[in-house]
Amino acid sequence: MLDYLGRRVLGGVLTIVIVITAVFFATRLTGPAVEFMLPPGSDPTVQAALAAHYGLDQSIWVQFGRYLQGLFTGDFGISLGERRPVIDIYAERLPNTITLFVYALGLATFAGLPLGIVAALDRKGPIGSAIMTIAFIGYATPNFVLAIMMILVFSFQLHWLPSSGSTTPLHFLMPAIVLALPMLAEIVRFTRNAMLDVMGQDYLRTARAKGLPEHMVIGKHALRNAAVPVVTIIGLQVAGMVARCVLVEAIFATKGVGDLIVYATIGRDYPVLQFGVILIAVLVVTVSLIVDLLYAVIDPRVKVAAS
Amino acid sequence: MTNRILLALGAVLLGTTALAAAELTVATQNMSSFVDPGRDHSNVGSQNYVNAFDPLIEKDYSQAGAVFSPGLATEWEQTSPTTMEVTLREGVLFHDGTEMTAEDVVFSFHRIIDELTPEYKSIKTQFFTNFEKVEALDTYRVRFTTINPEPLFETLLNAQQGYIVPKAYIMGLTGDAETAEIADFEAFALAPVGTGPYRITRFQPGENLVYERFADYYGDEAPLERFEMRRISEMATRLTALANGEVDIITNVPPDQLATIENNPNLKVEGAVTPLFHVVIYNAMHPKLEDKRIRQALSLAIDRDLLNQALWLGEAVVPSTHTYPQYGELYMPELETFTYNPERARELLAEAGYDGTPIRFDTDAVYYTNGLLAAQAIKEMWAAVGVEMDLNVTNSWGEPSALESRNWSNPMYFADPAGSYGTMWAPGGARIGNTWQPNEAYVEMWERFRYSTDVETRKAAYAEIMEYVADEMPVLPLYQPYESYGLRQSVEWKPLPGHIPYVLDFRAGSIALAD
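The name an unreviewed UniProt entry gives chain B is ABC transporter substrate-binding protein, with Arsenicitalea aurantiaca as the organism. As stated in UniProt under Sequence similarities (unreviewed entry), the record for chain B gives "Belongs to the bacterial solute-binding protein 5 family." Regarding chain B, the UniProt comment filed under Subcellular location (unreviewed entry) reads as follows: "Periplasm".

An unreviewed UniProt entry lists chain A under the name ABC transporter permease, from Arsenicitalea aurantiaca. Listed in UniProt under the heading Subcellular location (unreviewed entry), the comment for chain A reads: "Cell membrane". As its UniProt record puts it under Sequence similarities (unreviewed entry), chain A is described as follows: "Belongs to the binding-protein-dependent transport system permease family."

Right, dumping it as structure tokens:
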């Protein structure tokens, strides 16, 4: 088990090291930052003076060395646009994105699992078909279309919900739904299929035969075995959610990390962009590790195979 | 869900009561990452300063012409062509409670004149190149000394870049409290303090700015208790936030969205032609465009009136020369610098032996309203005279020497040709030596225009400069855009003609809220 975990952690660390290196060089390829620190078309001599002040005129290897040194000492640099520590900026933005993620993840999981189970149990019935139809529509609708449609209906026409910002929980409702929907649809589909798969197995017949009540049969024997693919899909979807939140935050003017990264990219704010990418890499790697761990918890065979 | 709806309704109702308490929210397309009037000349920055800072000399902004009035200075006198003595208002408090004195005035100007940061160097070039020194004569008297005679003392002391900032507060922000370090200015730009009718109580760079009434303001009390500027970049979201009552004013409404606002009984549109040109610039130092006949032809091929009709519904202003009504006596619409003549364009191209090489034209996809659409239309206009445009959509200016042509904006930073044409094209301006190298006669013309204290001499010199520009063609002003704002019906506000572009003036007399 420890060996299994060790290999996974090592793989994760290696991934992050590669990301840290790649992001540094990739950001430098996007164009000179000083051009974006001054209004468009500013005098090149002023641009040069600014570049010298921020050490952007030094060779790329010197800059890379400084960047690595900073990472090791926990200094993630100063934003070129805002001239304040990158950490301070993320500290302001991260709570909004986390709130959004928690809402979306909660919504997708707590609604998706029961709906998937019901869809499996009522496979040929009207309820099951209805759930699957809605899930497919949810899966097939691009999230920006859904976002703008929701804004038009609930804000523009009905005036029920605020369209933009992140000041109250209500502000998070529409973005969370938009963010959650593709994930919800995925969870419903995978839960249903996994349940159907498991429900045909012999051990369920055995469980029923030994007189277990139906909720035990479904809840314990079927669901636990169906959980592996479902956990996998939740893990994958968290990574997808990071990508989607960029768009969702832009449309709903949620002042979160996605919005920040978009603006840092447009403004060539290297330090902010770098930290954002590293943060996302760490998040995705951590979620993958947790999923790997959960496999072992859910499915004892993983533990056996690993040792 | 019913609870949520009730909550939402509650929120909307709360929003309405908030308005009754003289509060306001503005949704802007962009938001600055710093707030320092002396470091900034960007369009987005112009939104931030007028409510929280004061100039030495004030101006009547309700009209385009220059009618000056006392600001932080109560009296001023030009004691010689190169000196001006200013008497300060006594008892003016900064938002941190300290009194404004001559020390602060000297510091405010010298941080720019002495180029204490690279950005101040840029501001000096465009505004205060002629300023040699600023000295305190006593606690409330200051003397300005210039290198050449200065006809624009009042205009420059009214400019945003000349707003007064607190010396002791800034120097005390980081490190040694007795010296002004770069870090002090960077800290100030995140926690700005001025003398204006509103103080800035919250600033999240790139996100929002909150202003509250400053009780100790020396002048007329601010009409709003509190207002907030929030960035909502998406036009559709900004418009919805306005229709939904979440915000009271929205900025940067493109012409094709005006009908949506006008058709909503709760909303209205206010707008004005701004003292700013969208321009096309040519790199006269690029081998493809070295021959001035090519540059002349490219400009003659552009039907600017058609662009105005098609993109601005005829609301923009197509100039005959580089001039604005805001220049007062220097407003010279009679000059005929830029014209449309496709036949002449074809002749010039033939004379210059243009061989059909495509000419690159750079444009950002979104930065200028209608910028990309105008570029696409210009591509067709160039094609009509036989020039192929290689339209390059990018948000970078790229390698400076590789630039061929592109769109740009040329705002009025202060109300004089030197404050608009001059900021870009005066000797030493942002593009000189980079995309255009004028001759020595031009430098002489410029000095005569810039430093003469006689209005007629200045006008004659500017006419000569424009004649030279028509021949050299480093730049073509396309039009002055019509900038529109969307407002709730309850808000009485409109952009004032005396301001530089994009200023959101919420001072006494400039805004009122109905019940």
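How should I be thinking about the overall build of chain A in this particular structure?
Of the regular secondary structure elements, chain A holds 12 helices and 0 strands. Reading chain A from its N terminus to its C terminus gives the helix and strand order α-α-α-α-α-α-α-α-α-α-α-α. The C-alpha extent of chain A, read off along each of the three principal axes, is 85 × 60 × 25 Å. Scored against the burial criterion, the 307 residues of chain A give a buried share of 39%. Look at the contacts in chain A between residues 6 or more apart in sequence, and 73% of them connect residues 24 or more apart.

Which parts of the structure should I look at to understand the interface of chain A and chain B?
Taken together, the contacts link 39 residues of chain A with 40 residues of chain B. At the level of elements, helix H2 (44-53), helix H6 (143-157), helix H7 (169-199), helix H9 (214-252) and helix H10 (257-266) of chain A are the ones that each hand at least two residues to the side of chain A that touches chain B. Top element by residues in the side of chain A that touches chain B is H2 of chain A. It accounts for 5 residues. Among the residues making up the side of chain A that touches chain B, the classes are represented as 21 nonpolar, 11 polar and 7 charged.

Would you explain the UniProt feature "domain: Solute-binding protein family" (unreviewed entry) in chain B in this entry?
Within this structure's numbering, the places UniProt gives as "domain: Solute-binding protein family" (unreviewed entry) are residues 68-415 of chain B. The distance separating the terminal C-alpha atoms of residues 68-415 of chain B is 12 Å; by composition the span is 28% helix and 25% strand.

So what exactly am I meant to see when it comes to the sheet that holds strand E6 (residues 131-138) of chain B here?
Strand-to-strand pairing in sheets goes through backbone hydrogen bonds, with the strands running parallel or antiparallel. Residue and element names in this part refer to chain B. One open sheet holds the 4 strands; their spatial order is E4-E5-E7-E6, and the pairing between them is antiparallel. At either end of the open sheet lies a strand with only one pairing partner, and these are strand E4 (73-80) and E6. Across the sheet, the mean angle from the axis of one strand to that of its neighbour is 20 degrees, orientation sign disregarded. Where E6 lies against strand E7 (residues 141-146), 6 bridges are found, and the strand directions are antiparallel. Following the sheet pairing, Lys133 is matched in E7 by Thr145. Contacts from helix H3 (residues 102-113) reach strand E5 (83-88), E6 and E7, with the element oriented near 165 degrees to E6.

For this particular structure, what's the right way to read the UniProt feature "transmembrane region" (unreviewed entry) in chain A?
According to UniProt, the "transmembrane region" (unreviewed entry) feature falls on residues 9-29, 100-121, 133-158, 170-188, 226-252 and 272-298 of chain A. Note that residues 100-121 of chain A is 100% helix and 0% strand, and that its end C-alpha atoms are spaced 32 Å apart.

Hey, could you run me through the UniProt feature "domain: ABC transmembrane type-1" (unreviewed entry) in chain A in this one?
As annotated by UniProt and renumbered to match this structure, "domain: ABC transmembrane type-1" (unreviewed entry) occupies residues 94-291 of chain A. For residues 94-291 of chain A, helix accounts for 85% and strand for 0%, while the C-alpha atoms at its two ends are 23 Å apart.

About the criteria used
Residues numbered from 1 in each chain as written. Chains lettered and ligands numbered in written order. Predicted model: local features only at pLDDT ≥ 70, side-chain atom pairs only at ≥ 80, totals over all residues. UniProt positions renumbered as here; feature names shortened; annotations may be inferred. Helix = DSSP H or I, 4+ residues; strand = E, 2+ residues; numbered from the N terminus. Buried ≥ 20, exposed ≤ 12 C-beta atoms within 10 Å, placed from the backbone. Contact = placed C-beta atoms within 7 Å. Nonpolar A, V, L, I, M, F, W, Y, C, P; charged D, E, K, R; others polar. Pairing = 2+ DSSP bridges. Axes fitted to C-alpha atoms, helices over the stretch in contact; angles between N-to-C directions.

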